[in-house]
2 protein chains.
Amino acid sequence: MSPSPRLEIFAVDGIGEVRPGDDLVGLLVDAKPKLKDGDVLVVTQKVVSKAEAQLVPIDPGDPQSKARIVDGESVRVLRRRGEMVISETRHGFVCANAGVDLSNVTAGWAALLPEDPDRSARRLRDGLRGRMSVDVAVIISDTFGRPWRRGLTDVAIGCAGIKPIVDLRGTADANGYELQVTEVCVVDELASAAEMVMGKATGLCAAVVRGVDPTWLGRGEVVTEVVRPAAEDLFR
Amino acid sequence: MSPSPRLEIFAVDGIGEVRPGDDLVGLLVDAKPKLKDGDVLVVTQKVVSKAEAQLVPIDPGDPQSKARIVDGESVRVLRRRGEMVISETRHGFVCANAGVDLSNVTAGWAALLPEDPDRSARRLRDGLRGRMSVDVAVIISDTFGRPWRRGLTDVAIGCAGIKPIVDLRGTADANGYELQVTEVCVVDELASAAEMVMGKATGLCAAVVRGVDPTWLGRGEVVTEVVRPAAEDLFR
């Protein structure tokens, strides 16, 4: 048995306000994050959306203004209650208000999800490799609710350089029996772990997870591998 | 702004096979975990259920045997597909097969969820305080699937000494706007983080998370605070 792993998780300080069109790789490099090969860098959706100018104007005086944006970002509405909509986005994510968010955004603007969050993650990863000569995995995280349980947790909406789901099916358990289903969504667990050092109101938007199992690293995408196709979903 | 936090996560080695009636506090103490006040100890459901003798005989030759146990542990069935049942347990958890599990259990037996996982957590916490003079929070974790996303993640099914949901509603965001909904389920994020150092097949059943925000510590229960009552649930 290999020695049990140890994870370290810490935020990247010193990234200021991100504005539309900003070079997010440059802001990350300037923050001088202490990155090592094999680290996982988790970056929150909000700053990725801002840097990619995924912002649309919203009329704060018109209550229908946000509803129209949410409708435009939704391909299917699952539930409505009051102003809250649970819908499916073009990417296949099921979340509140199609991921449209007004918090931590300049008044009069709403942030949309990145167009292709896996591509966003690949660009950050490639950019950091090019400018810091460091080989890290990147996860773009967002804060989602879920059925049946109160409270929000962070999940991955995009990734690069890491397999999102680690398949332990068929690995013998400690009694020698075959495990039947143990496909662990490690990118969601990493996003959740990173959220705990970033908080919501402190302006931190990136965190490093050090010590992940190197066998998790490799090619992978959230949209094609984590999003459950409607045909195999029991709740859509 | 306070300095950004740093989390450390490591497994507790040296806890052997747990058998019905075992003193789990004693096994934990004997493993000499390097616990400090303010740490969060995450313990997997399987060993808690074993120590509490939450085991029932199952006939491996009778395919209906497990189905009968799952039915007995369910108060409401949400979905069925083939042999898989998504149901609600007496505690209010919605999960596959009502949490009944055959992996890592002696052949001929199935493990049920603890009768009252928050009580289990309190007993572990009190026992460790009594025998190691250390004040830690305890989370009992289990591995659940979820709708819309592939892969499993660990969540908390019981806790003690920690508030399961940290309410940041009303805290000003970095732009001075009021955040509307940021109730973060930190016990689920902690369970997920701990899962990454335990794996599924290595016999590790406990992990320590060090460095959590001390304001999260306090009284709390998963069943009364995290389980979403059916009346406010859009997916039940």
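As the structure is a prediction and not an experimental result, all values here were calculated from the model.

**Observations concerning the overall build of chain A**
Item 1. When helices and strands are counted, chain A shows six helices and twelve strands.
Item 2. Its C-alpha atoms give chain A a radius of gyration of 18 Å, near enough to 18 Å, the size a compact globule of 236 residues would have.
Item 3. In terms of principal-axis extent, the alpha carbons of chain A reach across some 60 × 45 × 25 Å.
Item 4. Taking all 236 residues of chain A together, 49% fall into the buried category.
Item 5. Considering only contacts within chain A whose residues lie at least 6 apart along the sequence, 65% involve residues at least 24 apart.

**Things to note about the domain arrangement of chain A**
Residue and element names in this part refer to chain A.
Item 1. Under the domain assignment used here, chain A contains domain 1 (1–53 + 116–226) and domain 2 (55–113).
Item 2. When each unit is reduced to the centre of its C-alpha atoms, the spacing between domain 1 and domain 2 is 24 Å.
Item 3. At the level of secondary structure, the elements contributing two or more residues to the side of domain 1 that touches domain 2 comprise helix H2 (45–51) and strand S8 (137–146).
Item 4. Among the elements that line the side of domain 1 that touches domain 2, the one with the most residues is H2, at four residues.
Item 5. For the side of domain 1 that touches domain 2, the class distribution of residues is six nonpolar, three polar and three charged.

**Quick look at the sheet that holds strand S4 (residues 74–81) of chain B**
Residues and elements named next belong to chain B.
Item 1. Spatially, S4-S5-S6 is the arrangement adopted by the three strands of the open sheet, whose pairing is antiparallel. Every interior strand has two partners, whereas the edge strands, S4 and strand S6 (94–96), have only one. Adjacent strand axes in the sheet meet at a mean angle of 25° when their direction is disregarded.
Item 2. Bridge count for S4 against strand S5 (residues 84–89) is six bridges, and the pairing is antiparallel. Directly across from Val 77, in S5, lies its bridge partner Ser 87.

**Regarding the nonpolar core**
Item 1. Counting 142 residues, the largest nonpolar core has Ile139(A) and Ile139(B) as its most contacted members.
Item 2. Once you skip the residues sitting within four places of it in the chain, Ile139(B) turns out to touch Val40(B), Val42(B), Ala121(B), Ala156(B), Cys159(B), Val187(B), Leu190(B) and Ala191(B).

**Some thoughts on helix H5 (residues 186–198) of chain A**
Residues and elements named next belong to chain A.
Item 1. With 13 residues, H5 should cover 18 Å at 1.5 Å per step; its first-to-last C-alpha distance of 19 Å lies within 8% of that length.
Item 2. With 13 of 13 residues buried, H5 lies mostly within the body of the structure.
Item 3. Following H5 by one or two positions, Gly 199 adopts a phi angle in the positive range, close to 65°.

**Looking at the pairing of strand S9 (residues 149–160) of chain B**
All names here are of chain B.
Item 1. Of all twelve residues in S9, eleven are buried, a share of seventy percent or more.
Item 2. Where strand S8 (residues 137–146) lies against S9, eight bridges are found, and the strand directions are antiparallel. Residue pairing for S9: Phe 144 is matched across the bridge by Thr 153.
Item 3. Linking two consecutive strands that pair antiparallel, namely S8 and S9, is a turn of two residues; a positive phi of about 75° is found at Trp 148 within it.

**What to know about the sheet that holds strand S6 (residues 94–96) of chain A**
All names here are of chain A.
Item 1. Reading across from one edge, S4-S5-S6 is the order of the three strands in this open sheet, with antiparallel pairing throughout. The strands lining the two open edges of the sheet, one partner per strand, are strand S4 (74–81) and S6. Adjacent strand axes in the sheet meet at a mean angle of 25°, parallel and antiparallel pairs treated alike.

**What about the pairing of strand S1 (residues 6–11) of chain A?**
Item 1. With burial as the criterion, only one face of S1(A) is covered, namely that bearing Leu7(A), Ile9(A) and Ala11(A); the residues Arg6(A), Glu8(A) and Phe10(A) on the opposite face remain uncovered.
Item 2. Relative to strand S1 (residues 6–11) of chain B, S1(A) is paired through five bridges, and the arrangement is antiparallel. When the sheet's bridge partners are listed, Phe10(A) is paired in S1(B) with Arg6(B).

**Describing the confidence of the model for chain A**
Item 1. Predicted confidence across chain A gives a mean pLDDT of 91, with 91% of residues reaching 70 or more.
Item 2. Interface confidence in the predicted complex, given as ipTM, is 0.94; pTM for the same model is 0.95.

**Details of unusual backbone geometry**
Trans is the common state for peptide bonds, and a negative phi is the common state for residues other than glycine.
Item 1. Located in the positive-phi region is Lys32(A), a residue other than glycine, with phi close to 50°.
Item 2. One non-glycine residue, Ser133(B), lies in the positive phi region at around 50°.
Item 3. Turning to its location among the elements, Ser133(B) is positioned in the loop between helix H4 (117–132) and S8.

**Details of the environment of Asp154(A)**
Residues and elements named next belong to chain A.
Item 1. As for its position among the elements, Asp 154 is in strand S9 (residues 149–160).
Item 2. Here the alpha-carbon distance between Asp 154 and Phe 144, two residues ten residues apart in the chain, equals 6.1 Å.
Item 3. With near-sequence residues (within four places) excluded, Asp 154 lies in contact with Ser 141, Asp 142, Thr 143, Ala 191, Ser 192, Ala 194 and Glu 195.

**Overview of the environment of Gly14(B)**
All names here are of chain B.
Item 1. Locating Gly 14 in the fold gives a position in the loop between S1 and helix H1 (24–30).
Item 2. A count of 13 C-beta atoms within 10 Å places Gly 14 in the partly exposed class.
Item 3. Sequence-wise, Gly 14 and Val 85 are 71 residues apart; in three dimensions their C-alpha atoms are separated by 35 Å.

**What to know about the environment of Ala67(B)**
Item 1. Of note, Ala67(B) is situated in helix H3 (residues 63–73).
Item 2. With 52 residues separating them in the primary sequence, Ala67(B) and Arg119(B) have C-alpha atoms 27 Å apart.

**A few points about the packing of H5(A) against helix H5 (residues 186–198) of chain B**
Item 1. Following both chains from N to C, one finds H5(A) and H5(B) inclined at 125°, their axes separated by 8 Å at the closest point. Regarding the angle of H5(A) to H5(B), the classification is oblique. Handedness of the crossing formed by H5(A) with H5(B): left-handed. Contacts between H5(A) and H5(B) pair Val186(A), Glu189(A), Ser192(A), Ala193(A), Glu195(A) and Met196(A) from the former with Val186(B), Glu189(B), Ser192(B), Ala193(B), Glu195(B) and Met196(B) from the latter.
Item 2. The class makeup of the residues in the contact of H5(A) with H5(B) is six nonpolar, two polar and four charged.

Thresholds applied
- Residues numbered from 1 in each chain as written.
- Chains lettered and ligands numbered in written order.
- Predicted model: local features only at pLDDT ≥ 70, side-chain atom pairs only at ≥ 80, totals over all residues.
- Helix = DSSP H or I, 4+ residues; strand = E, 2+ residues; numbered from the N terminus.
- Rg over C-alpha atoms; globule rule 2.2 N^0.38 Å.
- Buried ≥ 20, exposed ≤ 12 C-beta atoms within 10 Å, placed from the backbone.
- Contact = placed C-beta atoms within 7 Å.
- Domains from an automatic or database assignment.
- Nonpolar A, V, L, I, M, F, W, Y, C, P; charged D, E, K, R; others polar.
- Pairing = 2+ DSSP bridges.
- Axes fitted to C-alpha atoms, helices over the stretch in contact; angles between N-to-C directions.
- Core = buried A, V, L, I, M, F, W, Y, C linked by C-beta atoms within 7 Å.
- Expected span 1.5 Å × (residues − 1).
- pLDDT = per-residue confidence, 0-100.
- Parallel < 35°, antiparallel > 145°, perpendicular 65-115°, else oblique.
- Left-handed = near helix turned anticlockwise from the far one by under 90°.

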